[in-house]
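Here's the letter readout for the chains.
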Amino acid sequence: MHPLRRRLERSDTLAALLGGLAAGYVRLCQRTIRWETAGFDALSVALAEGPVIVVMWHSRLLLAPVQVGALAPFTTLRDPSPAGRLSAAMQTRLGMRPIEMAARGSNVGASRHVLRQLREGVSVGLTGDGPKGPARRLKLAPLDWARVSGAPVFLYAFSCTRQKRLNAWDAMLLPRPFGRGHAAVARWDADVPRRADADTMERLRGDLEAALTAHQARVDGALGLPPGP
């Protein structure tokens, strides 16, 4: 294991320090990139009516706290890995409320916590492909929470002309300051019935997966970029 990863596992102080630096970088990108946006007014209207579930692919996670999380209180799920600790520290600095997932076994406890947050009026933001992938393969969690809570589901993505791709399973997009950017949210209008059998849930999973990928491609296309991961 890399020494920094080992230290991150053991030190809340180091995670908080690096998370603060990451939060500062995210704020810098948000301030200096020339942004065009779409759909955020509709999201604000929905948030005024109650909590929502915002889904994105893991590769476009980085700016969600300052673009979506700035609109209302949001909770998120965090992986207990060193990278997850760092991400959670950054998100906390940016006003979000991360919930730690289990390192092994079931995450029923974390899911119940999320549902309690939704019942209390706190919205949820999560990556559809989870903390470890496979990339752009949707998990069932957002559909399960929408089914139980009745909260509407929104899609989110951002893109920018100045960027770098990290050498990771999701090829995460790291924005660079300046240049142009586009960020968009869109409501997913499919109905998620409270009593849905396995076949219905699988159909909805495929529909939401395709909708999220298409939404992200439109965001890239708004900047004249080819669809990226």
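Please read all numbers here as calculations on a predicted model, not as lab measurements.

Novice: I'd like a rundown of the nonpolar core, residues and numbers included.
Specialist: One recurring pattern in soluble globular proteins is that nonpolar side chains are buried together. Counting 30 residues, the largest nonpolar core has Leu43, Val52, Val54, Leu63, Val68, Tyr156 and Phe158 as the members making the most contacts within it. Those elements that provide at least two residues to this core are α2 (12-32), α3 (40-49), β2 (53-56), α4 (64-67), β6 (153-160) and β9 (180-188). Core analysis: the next-biggest nonpolar cluster, separate from the first, contains 24 residues, Val114, Trp145, Val153 and Ala211 among them.

Novice: Tell me about helix α8 (residues 198-221), and please be specific about residues and values.
Specialist: For α8, which comprises 24 residues, the first-to-last C-alpha distance of 34 Å matches the rise-based estimate of 34 Å (1.5 Å per residue) to within 8%. Buried residues of α8: Thr200, Met201, Leu204, Arg205, Leu208, Glu209, Ala211, Leu212, His215, Gln216, Val219 and Asp220, and no others. Where α8 is buried, its residues contact β2, α7 (141-149), β6 and β9. Regarding α8, its N-cap is aspartate 197, as a side-chain oxygen of that residue lies 3.3 Å from the backbone nitrogen of aspartate 199 further along.

Novice: Residue-level account of the side chain of glutamine 117, with values.
Specialist: If you trace the backbone, glutamine 117 turns up in helix α6 (residues 108-119). On the basis of relative accessibility, which here comes to 11%, the residue glutamine 117 falls in the buried class. In contact with glutamine 117, not counting residues within four places along its chain, are Thr75, Arg97, Ile99 and Val122.

Novice: Go over the side chain of glutamine 67 with me, naming the residues and quoting the values.
Specialist: Mapped onto the elements, glutamine 67 comes out in helix α4. Of note is the side chain of glutamine 67, whose polar atom sits 3.0 Å from the side chain of glutamine 30. In this view, glutamine 67 contacts Gln30, Trp35, Phe40, Tyr156, Phe158 and Ala183; residues no more than four positions away in its chain are not counted.

Novice: Give me the packing of α7 against α8: which residues, what numbers.
Specialist: The packing of two helices is summarised by the inter-axis angle and the distance between the axes. Contact geometry of α7 with α8 gives a least axis separation of 10 Å together with a crossing angle of 115°. As α7 runs across α8, the sense of the crossing is right-handed. Residue-level inspection shows Pro142, Leu143, Asp144 and Arg147 of α7 in contact with α8, the latter providing Met201, Leu204, Arg205 and Leu208. Its residues assigned to classes, the contact of α7 with α8 shows five nonpolar, no polar and three charged.

Novice: Residues and numbers for the state of the cysteines, please.
Specialist: Under the counting rule described, the total for this entry stands at zero disulfides. There is no disulfide at cysteine 29, and the cysteine sulfur nearest it, in cysteine 160, is 7.3 Å away. Assessed through its relative accessible area of 0%, cysteine 29 is described here as buried. Its relative accessible area of 0% is what places cysteine 160 among the buried residues.

Scoring rules and cut-offs
- Residues numbered from 1 in each chain as written.
- Predicted model: local features only at pLDDT ≥ 70, side-chain atom pairs only at ≥ 80, totals over all residues.
- Heavy atoms only, no water.
- Core = buried A, V, L, I, M, F, W, Y, C linked by side-chain atoms within 4.5 Å.
- Buried < 20%, exposed > 50% of the residue type's maximum accessible area, 1.4 Å probe, protein only.
- Helix = DSSP H or I, 4+ residues; strand = E, 2+ residues; numbered from the N terminus.
- Expected span 1.5 Å × (residues − 1).
- Contact = heavy atoms within 4.5 Å.
- Polar contact = N/O pair within 3.5 Å; in protein donor to acceptor, adjacent residues only side chain to side chain.
- Axes fitted to C-alpha atoms, helices over the stretch in contact; angles between N-to-C directions.
- Left-handed = near helix turned anticlockwise from the far one by under 90°.
- Nonpolar A, V, L, I, M, F, W, Y, C, P; charged D, E, K, R; others polar.
- Disulfide = S-S within 2.5 Å.

Don't take any of this as a statement about function, it's just geometry.
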